[in-house]
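Summary of structural features
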Amino acid sequence: MDYNQPNTSPLRPLEFTGAGGLRIAAEAAGESDAPPVLLLHGGGQTHHAWASTALRLAEAGYLAIALDARGHGDSQWAADGDYSGDALVADLACVCASLHSPPALVGASMGGLTSLLAIGEGPPDFARALVLVDIATRLEPEGVARVLDFMSAHTDGFASLEEAAEAVAAYNPHRKARRTAGLRKNLRQRDDGRWYWHWDPRFLDHATRSSAGESLVQQERREQAAQGVHIPTLLVRGGSSDVVSAEGARELQKLIPHAELFDVQDAGHMVAGDRNDVFSNAVIDFLRRKLPAVS
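Our subject in this report is the structure included herewith. As the structure is a prediction and not an experimental result, all values here were calculated from the model.

1. Some remarks on unusual backbone geometry
- Although it is not a glycine, Ser 109 sits at a positive phi angle of roughly 50°.
- Structurally, Ser 109 is set in the loop between strand 5 (104-108) and helix 3 (110-121).
- Residue class for Ser 109 comes out buried when judged on its relative accessible area of 19%.

Written out as structure tokens, the structure reads:
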């Protein structure tokens, strides 16, 4: 893996091989021999969700690598439509095995579930630290339903970038209006002229709600995995999140007694996007204490 390929952008493109030879796209920032930090986005997002945080991590002395999950962004779509938790964990294991040392994992929503399973069910040296971003063992059904309803409502695309921006604003009204230029990174215009989210809609087959309002990974498995997490752990929760409640955060700490909790006020489920400076500061502070970078 060449981490130092020439590129004029502070973020340079990378490519990994996931499970079954699936191509996994990524972007990186930081020195190639610095402690690696893998950034795993939520369902329906892409690695662009981590751009600002990745640059901050690089400035702090880490090798930040933001991945596109299978079927998302520039990563390859699964021919068999397998976007299960097990498939995501298998991809993550392949990526980690190619790094020069075990990484810290920073996972939001789906990326956090993937990280939790990989660490809790995997070998003890899988990763060196874990940051869960608004994801826990107990999820609030109404919040999960709202996320999935938003994703399911727009599989037929948007007539314009402005229409997409209005849909995002309706879902997340407390965030500042998003510029259409930024949305271009997460949308692709097809031959019919409409703009579509940059992910395989078959992903929704694995993210559908059950009667309990769960998604991707059931609660019992999440709880069992959490009890197997023995590395430094931080839960960054959106103070206004409707997916992870204060009670849900406390339940996670019962299962992972050493886990730290940081609430980001005036942030919802999309913590890193809502209050990126506060979020990035919290992650860097945690990593500096638990996984110091060589200065």
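2. A word on empty space enclosed by the protein
- All told, the structure shown has 2 cavities of 30 Å³ or more when counted by the stated rule.
- Size it by volume and the largest cavity reaches roughly 150 Å³.
- Lining the largest cavity are 13 residues, and of these Leu 40, Leu 67, Ala 69, Arg 70 and Leu 88 sit closest to its centre.
- Contributing elements (two or more residues each) for the lining of the largest cavity: helix 2 (85-97) and helix 3.
- Its residues placed into classes, the lining of the largest cavity shows 7 nonpolar, 3 polar and 3 charged.

3. Section: the pattern of salt bridges
- For the structure shown, the criterion picks out 13 salt bridges.
- Between Asp 242 and Arg 146 there is a salt bridge whose closest N-O contact spans 2.8 Å. Of the two residues, Asp 242 is situated in the loop between strand 9 (233-238) and helix 8 (246-255) and Arg 146 in helix 4 (residues 141-152); the sequence distance between them amounts to 96 residues.
- Between Glu 247 and Arg 250 there is a salt bridge, with the nearest N and O atoms lying 3.6 Å from each other. Residue Glu 247 and its partner Arg 250 are located together in helix 8, separated by 3 residues, close to a single helical turn.
- Classification of Glu 247 by relative accessible area gives partly exposed; the value is 39%.
- Each of Glu 260, Asp 285, Arg 289 and Lys 290 takes part in a single network of salt bridges with overlapping partners.

4. What to know about a negative patch on the surface
- On the surface, Asp 156, Glu 162, Glu 163 and Glu 166 cluster together into a negatively charged patch.
- Structurally, the position occupied by Glu 163 is in helix 5 (residues 161-171).
- Glu 163 gets classed as partly exposed once you look at its relative accessible area, which sits at 33%.

5. Here's the deal with the packing of aromatic side chains
- Considering all chains together, one arrives at 6 aromatic pairs under this definition.
- A centroid spacing of 6.2 Å and a plane angle of 80° characterise the contact between Trp 199 and Phe 203, whose relative ring orientation is edge-to-face. Comparing Trp 199 with Phe 203 shows no difference in burial state: the two are buried.
- Feature note: the residues Phe 150, Phe 158, Tyr 171 and Trp 197 constitute an aromatic cluster, connected by ring pairs.
- Looking at Arg 190, its charged tip hangs above the ring of Tyr 196, at a distance of 3.8 Å from the centre.

Criteria and thresholds
Residues numbered from 1 in each chain as written. Predicted model: local features only at pLDDT ≥ 70, side-chain atom pairs only at ≥ 80, totals over all residues. Heavy atoms only, no water. Helix = DSSP H or I, 4+ residues; strand = E, 2+ residues; numbered from the N terminus. Buried < 20%, exposed > 50% of the residue type's maximum accessible area, 1.4 Å probe, protein only. 1 Å grid on protein atoms, 1.4 Å probe; cavity = no way out; pocket = protein on both sides within 12 Å on 5 of 7 lines; lining within 4 Å. Points joined across faces, edges and corners; volume = space filled by probe spheres on them. Nonpolar A, V, L, I, M, F, W, Y, C, P; charged D, E, K, R; others polar. Salt bridge = Lys/Arg side-chain N within 4 Å of Asp/Glu carboxyl O. Patch = residues over 30% accessible without salt bridge, like charges linked within 9 Å, V, L, I, M, F, W, Y side chains within 5 Å. Areas by Shrake-Rupley, 256 points an atom, 1.4 Å probe, with all protein chains shown as cover. Lys, Arg positive; Asp, Glu negative; His and termini not counted. Charge placed at Lys NZ, Arg CZ, Asp CG, Glu CD. Phe/Tyr/Trp six-rings, centres within 6.5 Å; stacked < 30°, edge-to-face > 60°. Lys NZ or Arg CZ within 6 Å of the ring centre and 35° of its normal.

Function cannot be inferred from these measures alone, as they are strictly geometric.
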